[in-house]
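Structure assessment
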Amino acid sequence: MPPRKNNKPSFRQSVDMMVDRAVEVLELEPGLAEAIKGCNAVIEVRFPVEIRGKIRVFTGWRATHSIHRLPAKGGIRYATAVNKDEVEALAALMTYKCAIVDVPFGGSKGGLCIDPRKFKREEMQRITRRFAKELATRGFLSPATNVPAPDMGTGQREMAWIADTYKHLFPEDINYTASVTGKPVHSGGVRGRLEATGRGVCYALQEFFRHPEDVRAAGLDGGLDGKRIIIQGFGNVGYHAARFLSEDGAKIVAIIEHDGAIMDKDGLPVDKVHAHMIENGGVREFPGAHYVEEGKAILEEECDILIPAAIEEVIDKDNAPRLKAKLVAEAANGPVTFEADRILRERGVVVIPDAYLNAGGVVVSYFEWVRNLKHIRFGRMERRLEELRGKHTLKAIEEATGKKVPEWITKELSHGPDELDLVNSGLDDTMRLAFQQIRELKASSEKVEDYRTAAYVIAIEKIERAYLESGIYY
């Protein structure tokens, strides 16, 4: 583990220090705690690719944090700042995240040191396929042992390239589509995966606001309707979270991006901002909004909910004392440092932790993986049967009452669930149940003061049980 710089813990150290609070609550045997926290395996690869007549050498990593469940699961990010420590930290978070939401995966993560914006599509395809080959031939890419997904800088197209590369390397594996998740639907992906993390954030906040005592503890009241939200990071996660929360009546009063921030106390038009971002690459010059060049300063503006949805460590010991948000919802991985988390707890600011809140992506990735192994679309066999049953129910009601059922009820009852309906239903159920477990533990244990510790206690208890039952650490 790298040393601290200027007495500041590394990302990996920050994650471990947060986990240590849960370890203390559980009074876990030190050796077992180290076994759970330790990273199982890390690979670093360096490979050449010819780009525009010159040889370029790229460096990438893939970390497998835990194999207490298989496959190990976690995204691949493309960024210039990616490094081994970051990949290990993110892999650890994936282990705990999967345990919290009862997804039977271990944790993994990958990263390639690259700026995707500087390469053409064909160049990115060659680089991605070569990276996939490096991982697959070393046992870090397989439907059975290690399954990547999109992360920062990657998306559906990269996952399709990786799956196709795996298929050509291992043509005898009929489950090749399950080697990655987050693929386009026509390439074996599942409907709802693209927006899953952002939708999961919305489902989690909906569940939080179903518990008035938790809401009051955060200094809030009522539901999501009218709540003022600041979102930092307007990529896939931030956009979809903002979109669904807006549909629930919340006001997105500020959006922070790499080129600054835009503000509107009456609420920003989410879809129009997203279209502007696609066209212009940032939020600067978005019409009708107040622009602030120093975007990070907007984290400290007054709001009900602050949603960091981009990168790690944006809330640190320097700005944590000045945050005015009543609730911090961690849609990104590791956006609050260990020191900042302590400061926020001491100030009474409620934090819904990343290891739970942004788990929507891996939940729906699990659905996609299962779909790929079953080789059948969800709802294909039962959808028309459910429609028929609904029509029979409507007919029975009308014959019994002598009255025609209202059109909106007819529409609902005669609609058989399609794949997206089933995916969203499973995601909603998962996020609800996980939060209920977290809050119940927090309420019942004097040793657990916050949601983060409660979430980690739940995760570690499940992992410990798996270790003890299988003898994996002997």
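Higher on the page you've got the structure.
In this report, the structure presented in the accompanying data block is examined. (Residues numbered from 1 in each chain as written. Predicted model: local features only at pLDDT ≥ 70, side-chain atom pairs only at ≥ 80, totals over all residues. Heavy atoms only, no water.)

Some details on the nonpolar core
With 94 residues, the main nonpolar core has Ile 307 and Tyr 356 as its most contacted residues. With residues up to four places along the chain from it excluded, the contact list for Tyr 356 reads Ile 100, Val 101, Ala 204, Met 431, Ala 434, Phe 435 and Ile 438. In terms of nonpolar packing, the next biggest core, distinct from the first, is built from 25 residues, Leu 112, Leu 141, Trp 161 and Val 180 among them. (Core = buried A, V, L, I, M, F, W, Y, C linked by side-chain atoms within 4.5 Å. Buried < 20%, exposed > 50% of the residue type's maximum accessible area, 1.4 Å probe, protein only. Contact = heavy atoms within 4.5 Å.)

Concerning the environment of Met 124
For Met 124, the location among the structural elements is in helix H4 (residues 121–136). If we ignore the near neighbours within four places in the chain, the residues touching Met 124 are Tyr 78, Ile 114, Pro 116, Phe 119, Arg 157 and Trp 161. (Helix = DSSP H or I, 4+ residues; strand = E, 2+ residues; numbered from the N terminus.)

A word on unusual backbone geometry
Keep in mind that most residues, glycine aside, have a negative phi and that most peptide bonds are trans. Note that the residue after Leu 70, namely Pro 71, is joined by a cis bond; omega there is 0°. Assignment of secondary structure puts Pro 71 in the loop between strand S2 (54–64) and strand S3 (72–73). Notably, Arg 52 is not glycine yet its phi reads approximately 55°, a positive angle. Note that Arg 52 resides in the loop between strand S1 (41–51) and S2. The phi dihedral of Asp 102 falls on the positive side, at around 60°, and the residue is not glycine. Note on placement: Asp 102 falls in the loop between helix H3 (84–100) and strand S5 (106–113).

Structural notes on the sheet that holds strand S8 (residues 251–257)
Read across the sheet, seven strands follow the order S10-S9-S8-S7-S11-S12-S13 without closing on themselves; strand pairing throughout is mixed. Both edges of this open sheet fall to strand S10 (290–292) and strand S13 (350–352), since each of them pairs with a single strand only. Looking at each pair of strands side by side, their axes are set apart by 20° on average, direction ignored. Where strand S9 (residues 260–263) and S10 come together, three bridges link them in antiparallel fashion. (Pairing = 2+ DSSP bridges. Axes fitted to C-alpha atoms, helices over the stretch in contact; angles between N-to-C directions.)

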